[in-house]
Each structure stands twice: as C-alpha cells, then as structure tokens.
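A structural walkthrough
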Amino acid sequence: MAMVKMSPDVFSCSDDKGNLEIQINLPGVKKENIELKMVEEGFFVRAKREETGVEYAGTYAFCCGVVSQKAVARYCDGKLFVIVPYRESSETVNVEIQ
C-alpha cells in the first residue's frame, strides 16, 4: 500500500499565562508513531497511521519565539496537545503608520 501524505489540522492560541497552546489532530495514530521536533521559531510533526497508509506531516512557524526546551506534549484521543512558553521579548514599540 502506498503511503498517502497529509498535513494535519493544527490550531494554536495564547493562554493568559504567557504560553502558546497548540492542538494537532492526528486521528487513528498511535502515540509511539508520532515525531515532534521544536525550535524557537516553529515545529515539525510527523505521524504514521500504518494500517491505512496515511502519514501526517507538516512544518509550522511561530509568530513569536518560544522556549522549545520547556515544551510539554500530551497525546489523547487522536489529538496532540502542546504547551510551550513564549520567549521573553524585548520591549514592544508602537509604529506609526503613515
């Protein structure tokens, strides 16, 4: 059976504690078949659903840097939940638009 590659559905939002929360939908995938790699600027995910020949894969960029070493991931009911703190940024400046 040929492997079919698909991008997983990914949702993300900020919480009120300075973290980025990410949800990656990986239906029918076993936890041991998930690969997640993260850097300050984004992440890569790959997961194989071998019995159907589906491979989910994608690379995603963050709008703001994160502390990838502090990322925590949990897999439950076909969804991979990731929480990672934003990197402390320097002071923001309002830019006047002309």
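Residues numbered from 1 in each chain as written. Predicted model: local features only at pLDDT ≥ 70, side-chain atom pairs only at ≥ 80, totals over all residues. Heavy atoms only, no water.

1. Details of the pairing of strand S7 (residues 72-76)
With five bridges joining them, S7 and strand S8 (residues 79-85) adopt antiparallel strand pairing. Counterpart to Ala73 in the pairing with S8 is Val82. Linkage of S7 to S8, two consecutive antiparallel strands, is achieved through a turn of two residues, within which Asp77 is found at a positive phi near 50 degrees. (Pairing = 2+ DSSP bridges. Helix = DSSP H or I, 4+ residues; strand = E, 2+ residues; numbered from the N terminus.)

2. Quick word on the sheet that holds strand S5 (residues 42-49)
Here four strands make up an open sheet; going across it, the order is S1-S6-S5-S4 and the pairing mixed. In the strand order of this sheet, the two ends are held by strand S1 (4-6) and strand S4 (34-39), each with one partner. Each neighbouring strand pair of the sheet contributes to a mean axis angle of 15 degrees, computed without reference to strand direction. (Axes fitted to C-alpha atoms, helices over the stretch in contact; angles between N-to-C directions.)

3. What to know about the pairing of S5
In this sheet, S5 lies alongside S4 in antiparallel orientation, the contact comprising six bridges. Of the residues in S5, the one forming a bridge with Leu36 is Val45. As consecutive antiparallel partners, S4 and S5 are separated by two residues. Two elements, S5 and strand S6 (residues 54-61), share eight bridges in a ladder whose sense is antiparallel. Residue pairing in the sheet places Gly42 in a bridge with Ala61 of S6. Linking two consecutive strands that pair antiparallel, namely S5 and S6, is a turn of four residues; a positive phi of about 75 degrees is found at Gly53 within it.

4. Describing unusual backbone geometry
If you check the backbone angles, Asp77 has positive phi at about 50 degrees while not being a glycine. For Asp77, the location among the structural elements is in the loop between S7 and S8. For Asp77, a relative accessible area of 74% gives the class exposed. (Buried < 20%, exposed > 50% of the residue type's maximum accessible area, 1.4 Å probe, protein only.)

5. Let's talk about the environment of Pro8
Mapped onto the secondary structure, Pro8 falls in the loop between S1 and strand S2 (9-14). A residue is classified by how much of its surface remains accessible, and Pro8, at 6% relative accessible area, is buried. Placed 39 residues apart in sequence, Pro8 and Ala47 show a C-alpha to C-alpha distance of 9.1 Å. In this structure Pro8 touches Ile24, Asn25, Leu26, Val45, Tyr56, Ala57, Gly58 and Tyr60, once residues within four positions along its chain are discounted. (Contact = heavy atoms within 4.5 Å.)

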